[in-house]
Amino acid sequence: MGHTHAHDHGGATATGRHRRRLLLVLAITLSVVVVQLFAGFLSGSLALLADAGHMFSDAAGLGIALTAAWVATLPPTDQRTFGYQRAEVLAALANALALMVVAVVICLEALQRFGGGHEVQTTTMLTGAALGAVANLAGLLILHGAHRESLNVRGAYLEVLGDLLGSVAVIAAAVVIITTGWVQADAVASLLIAVLIVPRAWGLLRDVVDVLLEASPKGVSVQSIREHILSAAGVVDVHDIHAWTITSGVPVFSAHVVVEDEVLDADGVDRVLDRLAQCLGEHFDTEHCTFQLEPASHREHEPEQHA
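What's the story with unusual backbone geometry in this structure? I'm lost.
It is generally the case that most residues other than glycine have a negative phi and that most peptide bonds are trans. Backbone geometry places Glu214, a non-glycine residue, at a positive phi of 60°. Position of Glu214 relative to the elements: it lies in the loop between α7 (185-212) and α8 (222-231). When its relative accessible area of 45% is taken as the criterion, Glu214 is described as partly exposed. Look at Asp240: it is not a glycine, yet its phi comes out positive at around 50°. Here Asp240 shows up in strand β1 (residues 235-245). The buried category is assigned to Asp240, whose relative accessible area is 16%.

Is there a simple way to think about the pairing of strand β3 (residues 288-295) in this case?
Regular strands have side chains that alternate between both faces of the sheet. Along β3, six of the eight residues are buried, which leaves the element largely enclosed by surrounding structure. In terms of strand pairing, strand β2 (residues 251-259) meets β3 through eight bridges, oriented parallel. When the sheet's bridge partners are listed, Ala255 is paired in β3 with Phe291.

How should I be thinking about the environment of Gly44 in this particular structure?
Along the chain, Gly44 turns up in the loop between α2 (19-43) and α3 (46-71). Once the C-alpha coordinates of Gly44 and Thr124 are considered, the two residues, 80 residues apart in sequence, prove to be 9.3 Å apart. With near-sequence residues (within four places) excluded, Gly44 lies in contact with Arg113, Glu119, Val120 and Asp186.

Just checking my understanding: could you explain the pattern of salt bridges for this structure?
Note that side chains of opposite charge can pair when their charged atoms are close. Across all of its chains, the model carries two salt bridges by this definition. Close ionic contact of Arg113 with Asp186 constitutes a salt bridge, the shortest N to O distance being 3.6 Å. Linking Arg113 in helix α4 (residues 87-113) with Asp186 in helix α7, this pair joins segments that are 73 residues apart in sequence. Since its relative accessible area comes to 14%, Arg113 is described here as buried. Overall, the relative accessible area of 2% leaves Asp186 in the buried class.

Mind showing me how you'd approach the nonpolar core here?
Looking at soluble globular proteins, one finds that nonpolar side chains tend to be buried together. By size, the foremost hydrophobic cluster in this structure holds 22 residues, and its most contacted members are Ile106, Met125, Val170, Ile193 and Ile197. Among the secondary structure elements, those contributing two or more residues to this core are α3, α4, α5 (122-143), α6 (151-180) and α7. Residue contacts for Ile197: discarding those within four places in its chain leaves His54, Leu99, Val102, Ala103 and Ile106. Counting 21 residues, the second largest nonpolar core, distinct from the first, contains Val269, Val272, Ala277 and Leu280.

Before we go on, may I ask you to explain the sheet that holds β1 in this structure?
Across a sheet, paired strands are connected by hydrogen bonds in the backbone, their directions being either parallel or antiparallel. What the three strands build is an open sheet, ordered β1-β2-β3; its pairing is mixed. Of all the strands in the sheet, just β1 and β3 have a single pairing partner and so form its edges. On average, each strand axis in the sheet is tilted by 15° relative to the strand beside it, whichever way the strands run. Note that β1 and β2 share eight bridges and pair antiparallel. Considered in β2, the bridge of Trp244 is made with Val252. Docked against the sheet, α8 engages β1, β2 and β3, running at close to 145° with respect to β1.

I keep staring at α7 and nothing clicks. Help me out?
Given 3.6 residues per turn, any residue in an α-helix points the same way as the ones three and four places further on. Taking 1.5 Å of rise per residue, the 28 residues of α7 would be expected to cover 40 Å, and the 41 Å separating its terminal C-alpha atoms lies within 8% of that figure. Positive phi appears at Glu214, one or two residues downstream of α7, with a value of about 60°.

How do you make sense of the side chain of Asp51 when you look at a structure like this?
On the secondary structure map, Asp51 appears in helix α3. Residue classification places Asp51 among the buried positions, given a relative accessible area of 0%. Among the polar contacts made by the side chain of Asp51, one reaches the side chain of Ser167 at a distance of 2.8 Å. Apart from the residues lying within four places of it in its own chain, the contact partners of Asp51 are Gln36, Asp163, Gly166, Ser167, Val170 and Ile193.

Honestly, the packing of α2 against α5 in this entry has me stumped. Any pointers?
For any two helices packed against each other, the geometry is given by the interaxial angle and the distance between the axes. Interhelical geometry of α2 versus α5 gives an angle of 170° and a closest axis separation of 9 Å. In terms of their interaxial angle, α2 and α5 are classed as roughly antiparallel. On α5, the residues that touch Arg21, Leu22, Leu24, Val25, Ile28, Val32, Val35, Gln36, Ala39, Leu42 and Ser43 of α2 are Thr124, Met125, Gly128, Ala129, Leu131, Gly132, Ala135, Gly139, Ile142 and Leu143. Taken together, the residues of the contact of α2 with α5 sort by class into 14 nonpolar, six polar and one charged.

Looking at this model, I keep getting lost on α5. Mind explaining?
Taking 1.5 Å per residue, 22 residues should reach 32 Å; α5 reaches 31 Å between its end C-alpha atoms and fits that length. Among the residues trailing α5, Gly145 stands out with phi positive, at a value near 95°.

How do you make sense of the side chain of His239 when you look at a structure like this?
Within the element layout of this structure, His239 appears in strand β1. With a relative accessible area of 3%, His239 lands in the buried category. Side chain to side chain, His239 and Asp240 meet in a polar contact 3.2 Å long.

The rules behind these values
Numbers given to residues run from 1 along each chain, matching the order in which its sequence is written. Local features in this predicted model are restricted to residues of pLDDT 70 or higher, and side-chain atom pairs are both shown and tallied only at a pLDDT of 80 or more, whereas totals for entire chains, interfaces and linings draw on every residue. Hydrogens are left out, water is left out, and the side-chain values use all remaining heavy atoms of the structure. Every helix listed is a DSSP run of H or I at least four residues long, and every strand listed is a run of E at least two residues long, numbered separately from the N terminus. Any residue under 20% of the maximum accessible area for its type is buried, any over 50% is exposed, and the rest in between are partly exposed; the area is computed with a 1.4 Å probe on protein chains only. At least two DSSP bridges between two strands are required for those strands to pair. Note on contacts: a residue pair qualifies if any of its non-hydrogen atoms lie within 4.5 Å across the two residues. What counts as a salt bridge is simple: a side-chain nitrogen of Lys or Arg found within 4 Å of a carboxyl oxygen of Asp or Glu. As used in this record, nonpolar core signifies buried Ala, Val, Leu, Ile, Met, Phe, Trp, Tyr and Cys residues forming a set joined through side-chain atoms within 4.5 Å. Note on geometry: axes are lines fitted to C-alpha atoms, helical ones only across the stretch in contact, with angles between N-to-C directions running from 0 to 180 degrees. By this rule the span expected of a helix is its residue count minus one, scaled by 1.5 Å. In protein, a polar contact means a hydrogen-donor-capable atom and an acceptor-capable atom, both N or O and within 3.5 Å, with residues adjacent in sequence counting only if both atoms are side-chain atoms; elsewhere, any N or O pair within 3.5 Å suffices. Oblique is the label for any angle not under 35 degrees, not over 145, and not in the 65 to 115 range, which are roughly parallel, roughly antiparallel and roughly perpendicular in turn. Residue polarity follows a fixed list, in which Ala, Val, Leu, Ile, Met, Phe, Trp, Tyr, Cys and Pro are nonpolar, Asp, Glu, Lys and Arg are charged, and the others, Gly among them, are polar.

Shown next as structure tokens:
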């Protein structure tokens with residue numbers, strides 16, 4: 001005896017709900033990239049060019065995330081029953097890999113610069129870095145709060161934060177060059193920007209892999225869910241429990257629940273399902289859950305069960 005408690009998968013994803021914020025940050029980021037590229041070539045500062053390159057990769061990541069958010073709203077089909085919501089996760093994966101590539105390129109170029117002297121126009125370098133810092137601070141304020149709901153928004157938030165720290169590093173390098181004349185500070189700042197990129201890219205990549213491998217959502221204890229279900233009136237056993245995430249903000253849960261025959265006869269399938277769904281919704285913030293109800297008398301017909 002089975003029954004499915006279903007919800008619509010075509011609703012807005014976490015990234016889609018914050019599309020306007022992402023668009024605004026994208027516009028700000030692209031504007032600053034143009035300014036920093038111009039200032040970087042004019043001043044001869046590798047650190048400023050590295051910061052511009054980092055911001056450009058962030059802009060590309062935002063563009064991918066926004067495109068994926070639109071794709072994720074496409075309706076489900078018979079071949080793709082969850083629709084295209086996983087497109088957001090793939091976009092986050094591309095974003096993380098792009099950050100890794102940028103970090104490697106910056107490191108290689110910075111190491112080459114240590115071998116020879118390069119003149120740097122500090123005034124232009126300082127102006128470009130200051131503009132970048134202001135723009136990044138504005139981006140952080142725009143994305144604050146929304147970054148807790150979506151992998152892509154979180155990725156954008158962390159990238160803007162890294163850009164802010166990178167701009168601060170460029171400002172510090174410019175001040176060092178002005179006060180001491182040590183031009184190598186520009187290469188040091190470039191390496192620092194690369195170091196800031198790697199842990200953020202790694203953390204984002206790890207979260208993406210968790211989703212693609214269908215790991216249990218963060219903060220969700222399968223054992224706790226099992227205990228709550230077993231505490232429901234008339235429930236004898238629960239097995240074949242699965243908890244995973246389709247995309248950011250879309251956790252999914254399924255289980256086989258064994259119920260006393262008398263409870264099913266007295267309350268009916270619908271009332272039992274409502275109690276179980278309410279339990280998961282209140283305690284574990286899982287809106288989409290699927291239960292297969294099995295009468296206790298049916299257990300003897302199952303050769304084996306999986307925990």
